[in-house]
Structures are given as C-alpha cells and as structure tokens.
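Take a look at the letters that make up each chain.
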Amino acid sequence: MEYLAFVLALSFWWAIIHLITSGLARRNSGSPRLPPGPRPFPIIGNIFQLGNQPHQAAAKLSKTYGPLMTLKLGRRTTIVISSPDLAKEALQKHDQAFSSRTIPDTARAFDHHKFSMTWLPASAQWRSLRKVSAQQIFVPQRLHSTEAIRCKKVQQLVDHVKENCNSGEAVDIGRAAFTTVLNAISNTFFSTDLAEYCSDASQEFLDLVVGTMEEAGRPNIVDYFPALRLVDPQGARRRMNVYFRNFFVVLDGIIDKRLQSRASSLGSKPTSDVLDSLLNLIEEDDAELSCDHMKHLLQDLFAAGTDTTSSTVEWAMTELLHSPKKMAKARKEIEEVLGKDGLVQESNILKLPYLQAIVKETFRLHPPAPFLVPHKAEVDVEMCGFTVPKNAQILVNVWAMGRDSSVWKNPNLFLPERFLDKEIDFKGRDFELIPFGAGRRICPGLPMANRMVHLMLASLVHGFNWKLADEMKPKDIDMREMFGITLHKAEPLLAIPIKSV
Ligand code: HEM
C-alpha cells in the first residue's frame with residue numbers, strides 16, 4: 001500500500017512533465033510503429049494491469065494483442081513475446097541485437113552489474129566470464145569429476161528424509177532441496193558445506209542467499225522510474241548492499257583460508273576444486289580474471305543456481321503428489337532399473353525416460369524463470385512489421401508458451417506422457433520449451449541443473465512413499481504460484497515420507 005500511495009503521489013507531477021516532454025518529442029520525431037498492446041495509463045503505463053502475477057496477466061493480454069505485444073511499465077517500454085516462433089526469431093535471428101540486459105536497481109548494489117555475468121551486456125568482459133565458467137566450471141570433465149559430490153549431497157538429502165520418515169515428521173521439500181543444491185554447489189566450488197538441514201542450526205550463508213533472492217524478487221518502483229535511483233525510495237538497493245557485503249565477508253573468509261593453505265603448500269598449485277582453478281587463473285601473468293570478477297561470478301552462480309533448481313524439484317514433487325498414479329509409475333520405472341534399494345547415480349538417468357518426461361512437463365508448466373532473464377534491445381529491430389525500439393526491455397513469456405493451446409494439447413494438465421515420444425533437449429533448439437533460454441545468453445548452468453534435478457527427484461521418488469501433511473488429499477493441494485525472481489509455489493510443499501515396502 002505504501003508503494004501504491006507513493007506511485008499515486010508521484011503521478012500528478014509526472015503527468016505534467018510527461019505530457020509536455022512526450023508532446024514535444026512527438027512533434028520532433030516520427031514515433032516508431034510499436035507492436036500492439038493495451039492502452040497505457042499516464043505515468044504508470046500498464047503496471048497495474050500486470051498485478052502480482054505478471055506472467056499470467058501478460059499471457060492473458062497477449063490473447064487479445066498477439067504474441068508480440070507492447071507494455072509500458074512506468075518509463076520502460078517493454079515488448080512481451082509469447083510464441084515459440086517469435087521467441088526463436090528474437091533469440092536466434094536477433095540474438096546479438098537482443099543480447100543486452102535491463103538491469104534491476106538491486107543488481108547495482110556493490111556495483112554488481114559492473115562485474116556480473118548475468119547483468120553485463122554481451123561485451124568482451126561478459127564473453128571472458130562465460131569462457132571462464134565454461135572452461136573451469138561447466139566443462140564436461142569437471143561435471144564428470146564432481147558427480148561423486150552431487151551423489152553424496154543427494155544421499156545426505158535421503159538421510160535427512162529418512163530421519164523424518166522415522167519420526168513421522170513432514171519434510172519441507174523445497175527447503176530440503178535448496179539445502180542440497182546449495183551444498184552441492186559449495187562443495188563443487190570450495191569443497192565445503194554451507195548449509196544444514198536442521199532448521200535450528202546456524203544458516204548464515206543459506207539465509208544470505210535466500211534474502212538476496214527475496215530482495216531481488218520484490219517489485220521496485222525504481223525499475224519503472226529510473227530517475228528515482230538516487231532516492232532508492234523503497235530502500236531495496238540499501239538492503240541489497242547489506243546482503244552483498246555479508247556475502248562477500250563469508251566469501252573473503254573462504255578465499256583467505258584457501259590462499260593461506262596454498263601458500264603453505266610449498267609452491268605447488270592444486271586444482272582440486274573450482275576455487276583453486278579460479279585462483280590459478282587470477283595468478284597468471286596476463287590474467288583475464290580479477291579477484292573482484294571471481295567473487296561476483298560466484299555470487300551470480302549461487303543466486304542463479306540454487307532457487308531455480310530446488311523449486312523445480314518442489315514443483316515436480318507437487319505434481320506427483322497431486323497425481324499418485326504418475327508417482328507410482330515413476331517409482332516402478334526407477335525400481336526396474338535400480339532394484340528396491342539401489343542408489344540413484346547420474347548414469348541411471350538416461351535409462352529413466354518417464355522421469356525425464358516428468359522433468360520436462362514440470363518445466364513446461366512451472367518454468368522457474370517465467371520471463372527468462374529480461375533482455376534489452378541494443379538497436380531498433382523490425383519484427384512482424386513492427387519496431388522493437390532500441391533500449392526496450394524484452395520479456396520472453398515461456399510460461400505463456402508452455403500453456404498455449406495452439407502448441408500443446410490439454411495445456412493445463414500435467415501429462416508427462418506427452419514427452420515420451422518427443423525429443424526436447426533444452427539446448428534452445430526446440431523453442432516450444434526453453435526454460436533455460438536460448439542463444440548466447442542461454443543458462444550456462446544447464447548441465448549441472450539438469451543432473452541435480454533428476455538426481456534429487458529420482459531419489460525422493462525411489463526411496464519413499466509420500467503422503468501430504470495435515471491429512472490433505474491430493475486434489476486439495478494448493479497449486480498457486482508466487483511470482484518473484486523464481487516462480488515459486490505460493491505455499492511450501494509439506495509431505496510426510498513413509499517407508500517404501
Ligand atoms: C532448473 C534450474 C535452472 C533454470 C531453469 C535456469 C534458467 C535460466 C534462464 C532462463 C536464464 C536466462 C536465459 C536468457 O536470458 O535467455 C539463466 C541464466 C543464467 N543461469 Fe540458469 N537456470 C538454472 C540453473 C542454473 C545453475 C545451476 C546455474 C549455475 C550454478 C545457473 C547460472 C546461470 C547464470 C550465471 C545465468 C546468466 C547467464 C548470462 O546472462 O550470460 N543457472 N538461467
């Protein structure tokens with residue numbers, strides 16, 4: 001409400017300035033022919049038409065205005081793309097022109113946007129960061145050599161669930177999956193755990209990552225009216241500064257300790273984990289990577305990799321608990337491959353087509369980044385006879401594409417079977433399903449995320465029967481979404497594990 005009052009109070013003054021400046025601008029230059037869209041209100045534009053579920057509201061509006069639609073969000077011209085064909089045109093044909101980012105104000109905290117792989121334009125610096133992460137972190141050899149880490153962390157998840165199984169306590173699936181992903185990433189990077197399953201334990205790092213995501217996901221008026229940046233009226237950048245500072249204090253501690261142990265290891269340079277590899281790069285004579293870049297890169301990877309991966313597992317489990325026959329079918333498939341007690345390994349995933357179909361169907365209905373990460377036009381681009389103007393924000397509504405009845409039969413039903421005879425690889429070639437984006441900005445963490453999601457889901461389904469907490473029936477599960485930096489379940493999924501007989 002505070003936010004609403006602020007917008008209304010601003011409206012009057014802005015209306016006057018806006019009417020004068022836009023009148024002058026129109027007189028001086030021919031306006032580009034923008035794609036159609038709902039009529040914007042003075043000053044605020046279409047902000048309130050998007051409400052608090054903007055992906056759903058935009059999907060509805062695009063039924064009226066088409067798959068290439070203009071919205072005015074405060075001062076920001078936004079183009080929403082809602083069909084696979086246009087997403088392909090935007091992210092493949094116009095990949096370079098649309099490769100920049102609109103930067104949310106919270107990403108300016110600690111000058112993060114000047115170092116960050118996620119927020120830099122597709123510049124030489126960005127290319128260098130992508131190269132470092134491709135060669136040092138997501139390279140197949142590293143993924144192969146860190147498989148044991150992911151398996152161990154998932155085994156710890158299973159142990160945690162077993163404890164709840166014995167005590168009859170419900171598991172918060174999203175939270176447990178988040179802890180698992182966080183530790184899998186922190187062990188790949190630093191060879192150390194940074195979170196615990198027990199909610200009473202000190203969770204400094206986990207709280208920092210969660211706090212950062214929550215702050216980044218909150219609507220911020222500065223993103224609609226950049227002139228307010230200096231004022232930071234909601235205090236979002238100030239709070240984000242604190243999160244970043246605390247995050248870097250923890251990181252500095254880990255780095256200092258590592259530098260000391262490297263110094264005492266008599267000149268040999270170990271390359272056991274990602275941190276060692278990155279420090280080796282920094283120490284090279286013509287180093288492309290600075291310590292600041294490394295720290296911001298690690299921040300990006302934790303922020304982009306944890307919540308997206310864990311919320312996919314939570315949604316997949318939600319859908320399976322909602323459809324017990326599909327849960328039983330998935331369990332049977334896993335048992336046929338692994339027997340009753342076998343441990344799930346990454347090499348098993350290829351032999352589990354139904355499990356893979358469940359993950360695809362989960363991404364179709366619940367893409368963790370429903371608009372991808374906002375792109376920005378570097379130049380004017382012609383699409384469908386309209387102009388996408390320079391500096392416009394581009395939102396690719398993958399949520400709308402996943403629920404489009406002209407693309408999918410029964411789009412609102414969870415039917416993994418639809419993928420059993422349909423090859424989709426997420427690599428941005430099949431534009432009906434691009435939960436990881438496409439083109440040069442495609443998610444670099446895709447192979448790691450994919451492994452983690454399948455491994456966690458298979459282990460949760462294989463080891464246990466599940467029932468909903470509070471005697472809830474499958475049909476009563478709350479399927480509402482909460483829009484934020486990641487598309488979460490509005491209510492956490494609480495489920496009780498039961499020994500599988
Ligand atoms: C289910 C899990 C995940 C999903 C659905 C996902 C999805 C995405 C999407 C949609 C984008 C933006 C693509 C675009 O702008 O076109 C992205 C970017 C990114 N993702 Fe992921 N992601 C996941 C997991 C991960 C993991 C595990 C990591 C790393 C550990 C990661 C790191 C990143 C980074 C650094 C970027 C920014 C890339 C850039 O702008 O150049 N993601 N991801």
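Refer to the structure presented above.
Residues numbered from 1 in each chain as written. Predicted model: local features only at pLDDT ≥ 70, side-chain atom pairs only at ≥ 80, totals over all residues.

### Topic: the overall build of the protein chain
Link 1 in the chain: Helix and strand content of the protein chain: 16 helices and 12 strands.
Link 2 in the chain: Taking 501 residues into account, the globule formula puts the C-alpha radius of gyration at 23 Å, and the protein chain, at 23 Å, falls close to it.
Link 3 in the chain: On the principal axes, the C-alpha backbone points of the protein chain span a range of 75 × 60 × 45 Å.
Link 4 in the chain: Counting only residues that meet the buried cut, the protein chain has 44% of its 501 residues in that class.
Link 5 in the chain: Taking all contacts inside the protein chain whose residues are at least 6 apart in sequence as the whole, residues at least 24 apart take part in 73%. (Helix = DSSP H or I, 4+ residues; strand = E, 2+ residues; numbered from the N terminus. Rg over C-alpha atoms; globule rule 2.2 N^0.38 Å. Buried ≥ 20, exposed ≤ 12 C-beta atoms within 10 Å, placed from the backbone. Contact = placed C-beta atoms within 7 Å.)

### Considering helix 3 (residues 54–65)
Link 1 in the chain: Between its terminal C-alpha atoms helix 3 stretches 15 Å, which fits the 16 Å expected from 12 residues at 1.5 Å a residue.
Link 2 in the chain: Residues of helix 3 that are buried sit in contact with helix 2 (47–50), strand 1 (68–73), strand 2 (76–81) and helix 15 (398–402).
Link 3 in the chain: Phi for Gly 66, located one or two positions after helix 3, is positive at around 100°. (Expected span 1.5 Å × (residues − 1).)

### What to know about the sheet that holds strand 9 (residues 464–468)
Link 1 in the chain: Ordered in space as 4-12-9, the three strands form an open sheet in which the pairing is antiparallel. Single-partner strands in this sheet number two, and they are strand 4 (171–172) and strand 9.
Link 2 in the chain: Pairing between strand 4 and strand 12 (residues 494–499): two bridges, direction antiparallel. Paired with Asp 172 across the two strands is Leu 494, which belongs to strand 12.
Link 3 in the chain: Contacting strand 4, strand 9 and strand 12, helix 7 (residues 147–167) runs over the sheet at an angle of about 80° to strand 12. (Pairing = 2+ DSSP bridges. Axes fitted to C-alpha atoms, helices over the stretch in contact; angles between N-to-C directions.)

### As for the packing of helix 9 (residues 204–217) against helix 10 (residues 236–263)
Two quantities define a packed helix pair, namely the angle between the helix axes and the distance between the axes.
Link 1 in the chain: Interaxial distance between helix 9 and helix 10 falls to 10 Å at its minimum, and their mutual angle equals 150°. Overall, the two elements helix 9 and helix 10 adopt an arrangement that is roughly antiparallel. For the pair helix 9 and helix 10, the sense of crossing is left-handed. Listed contacts from helix 10 to Glu 204, Phe 205, Leu 208, Gly 211, Thr 212 and Glu 215 of helix 9 are Ala 236, Arg 239, Met 240, Tyr 243, Asn 246, Phe 247 and Val 250. (Parallel < 35°, antiparallel > 145°, perpendicular 65-115°, else oblique. Left-handed = near helix turned anticlockwise from the far one by under 90°.)

### With respect to the site of the ligand
Link 1 in the chain: Every one of the 25 residues lining the ligand counts as a neighbour, but Ala 304, Gly 305, Gly 437, Cys 443 and Gly 445 are closest to it.
Link 2 in the chain: Sorting the residues of the shell around the ligand by element identifies helix 12 (291–322) and helix 16 (446–463) as the ones contributing at least two each.
Link 3 in the chain: Residues that form the shell around the ligand fall into these classes: 16 nonpolar, seven polar and two charged. (Near = placed C-beta within 6 Å. Nonpolar A, V, L, I, M, F, W, Y, C, P; charged D, E, K, R; others polar.)

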